[in-house]
Amino acid sequence: MAESSNDESLKLAVAISLLRSKVLKNIKDPNALSPSQSDALLRWKRKAKERKQEILRLREDLKEAQDTSHCDLFPESASCKCYFFDNSGELSPKHHGNGSHGRFNDVLRRRFLRQVRFKERRKRVGSSSSSHQRLSLGLIEEDETEQLRASVDFLVELCDSVSPVDDSKFANLAHQAVDFILVSLKNLLSMGRNLELVEGIINSLVTRLTRQMCSLLSENGSQHTDSNAQYCIQHLIRKLGSEPYIGQRAILSVCQRILVLAERLLFSDPFDDAFPDMHECMFIMIQLIEFLVSDHLLEWSKAEDFDNMIFEDWVTSVIQARKALELLESRNGLYALYMERVTGELAKQVAGVSSLQKLEPDIFNSLFS
């Protein structure tokens, strides 16, 4: 009887040992799962891996976006060399070629577009009337007219907000803006698109730059301006003037301002503190006409779309400016002498090119009188 009880105890002990061993095996071996549990575990592991890869991709996209924004704010200074403002205030040699177009490339175009886009985005932030300010400045579907307008605004605001003397990046940005404006304008004129809008944009460009160059005219002679900044703006207009569509309108605008300033000088006190600044402004304007005529008139005359009507208008304005400055001879005879030199150069070039001799007889005779 005792032996039978021992056998039962032994069997019970063995059964308990086997059950405990099975439980411990299940705890130590996580793979010992049912087939359905194993499939679910693999599926969740795969989803976790995919989410991790997606997070890494988003981090890379965020870093790239931050780098692009940084480039918009701080462009590489090596994008444009400093030759753009070389020979500022000096007459160019004859047949001087314009090297800007040869150096213009897609890299500068894209970099300048980033600058314009960034500035336009800042303008539109918080604006409730942004519907009429929308721009299509992408690299695929571009609105050339809006790009021209935006680049004109960019250049004018650059001249107004940045000191050309103190800011080393001014030459780079100004050069890119000038090249971009010239290329965009050529494309629009060749396509014949939105010509009235284009004319308004260019007239605005010429008027605003001329006003900045001669800010004395808007302040009744009381404002003292930085002459170095004035000469930088003069140089910008001179470079933009390589395109006859801009250059002819620039001469017309400058001549009109010479007439206004000449009348003011006629009735001004020569001992006034502002008189030297007004004199400097007059000199800059006459010099700009000389640069545009000597640099570009021969090239303008070869252009197929050369506008003879505007040509007659600004030649007439030059003659009127010369007569107005003759009245100031008692005040300062240098005005009349300098303007006489400009009209002499103009008459010389008109006489040498048959296509320029289609002036009205009265204008032609006045030019050579």
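Chemist: Is there a simple way to explain the pattern of salt bridges in this structure?
Modeler: Opposite charge on two side chains makes pairing possible when the charged atoms of those side chains draw close. Throughout the structure, instances matching the rule amount to eight salt bridges. D153 serves as the salt-bridge partner of R149, at 2.7 Å between the closest nitrogen and oxygen. With a gap of four residues between them, R149 and D153 both fall in helix α5 (residues 144–161), about one helical turn apart. Residue classification places D153 among the buried residues on the basis of a relative accessible area of 12%. Put simply, K186 and E243 hold a salt bridge, and the shortest N to O gap is 3.1 Å. Here K186 is found in helix α6 (residues 170–191), whereas its partner E243 is found in the loop between α8 (227–240) and α9 (244–266), with 57 residues between them in sequence. For E243, a relative accessible area of 5% translates into the label buried.

Chemist: Would you mind showing me how to read the environment of Q256 here?
Modeler: Structurally, Q256 is set in helix α9. Sequence separation between Q256 and Q320 is 64 residues, and the spatial gap between their C-alpha atoms is 9.1 Å.

Chemist: Please explain a positive patch on the surface as it appears in this structure.
Modeler: Taken together, the side chains of R43, R46, K47 and R51 make up a positively charged region of the molecular surface. Secondary-structure assignment places R43 in helix α2 (residues 35–73).

Chemist: Sorry if this is basic, but what is going on with the packing of aromatic side chains here?
Modeler: The geometry of an aromatic ring pair comes down to the distance between the two centres and the angle between the two planes. If you walk through the whole model with that rule in mind, you get four aromatic pairs. Each ring, one from F283 and one from Y338, has its centre 5.5 Å from the other, and the planes form 35°; the classification is tilted. With a gap of 55 residues between them, F283 in helix α10 (residues 275–301) and Y338 in helix α12 (residues 333–352) connect regions that are remote in the sequence. Its relative accessible area of 30% is what places F283 among the partly exposed residues. Taking the centre distance of 6.4 Å and the plane angle of 85° together, the rings of W300 and W314 count as edge-to-face.

Chemist: Looking at this structure, how should I read the environment of D313?
Modeler: Looking at the secondary structure, you find D313 in helix α11 (residues 308–326). Classification of D313 by relative accessible area gives partly exposed; the value is 42%. Taking the C-alpha atoms as reference points, D313 and I251, 62 residues apart in sequence, are found 9.7 Å from one another.

Chemist: Looking at this structure, I do not really get α11. What am I missing?
Modeler: Because an α-helix completes one turn every 3.6 residues, residues spaced three or four positions apart along the sequence face the same direction. For α11, spanning 19 residues, the distance from its first C-alpha to its last is 27 Å, which sits close to the expected 27 Å at 1.5 Å a residue. Along α11, the positions that sit buried rather than exposed are I310, F311, E312, W314, V315, S317, V318, I319, A321, R322, A324 and L325. Contact partners of the buried residues in α11: α9, α10, α12 and α13 (361–368). Two to three positions downstream of the cap, the backbone nitrogen of M309 sits 3.0 Å from a side-chain oxygen, assigning the N-cap of α11 to D307.

Chemist: Just to check I follow, could you spell out the packing of α5 against helix α7 (residues 195–213) for this structure?
Modeler: Each pair of packed helices can be described by the angle between their axes along with the distance between the axes. At a minimum axis distance of 10 Å, the contact between α5 and α7 shows a crossing angle of 5°. Of the possible angle classes, the one that applies to α5 and α7 is roughly parallel. Packed against α5, whose contacting residues are T145, L148, R149, V152, D153, L155, V156, C159 and D160, the element α7 presents L197, V198, I201, I202, L205, R208, L209 and Q212 at the interface.

Chemist: Quick question: what am I supposed to make of α6 here?
Modeler: When the terminal C-alpha atoms of α6 are compared, their 32 Å separation across 22 residues agrees well with the 32 Å that a helix rising 1.5 Å per residue should span. Where burial is concerned, most of α6 is hidden: 16 out of the 22 residues are buried.

About the cut-offs
- Residues numbered from 1 in each chain as written.
- Predicted model: local features only at pLDDT ≥ 70, side-chain atom pairs only at ≥ 80, totals over all residues.
- Heavy atoms only, no water.
- Salt bridge = Lys/Arg side-chain N within 4 Å of Asp/Glu carboxyl O.
- Helix = DSSP H or I, 4+ residues; strand = E, 2+ residues; numbered from the N terminus.
- Buried < 20%, exposed > 50% of the residue type's maximum accessible area, 1.4 Å probe, protein only.
- Patch = residues over 30% accessible without salt bridge, like charges linked within 9 Å, V, L, I, M, F, W, Y side chains within 5 Å.
- Areas by Shrake-Rupley, 256 points an atom, 1.4 Å probe, with all protein chains shown as cover.
- Lys, Arg positive; Asp, Glu negative; His and termini not counted.
- Charge placed at Lys NZ, Arg CZ, Asp CG, Glu CD.
- Phe/Tyr/Trp six-rings, centres within 6.5 Å; stacked < 30°, edge-to-face > 60°.
- Expected span 1.5 Å × (residues − 1).
- Contact = heavy atoms within 4.5 Å.
- Polar contact = N/O pair within 3.5 Å; in protein donor to acceptor, adjacent residues only side chain to side chain.
- Axes fitted to C-alpha atoms, helices over the stretch in contact; angles between N-to-C directions.
- Parallel < 35°, antiparallel > 145°, perpendicular 65-115°, else oblique.

This is a description of form; function is not addressed.
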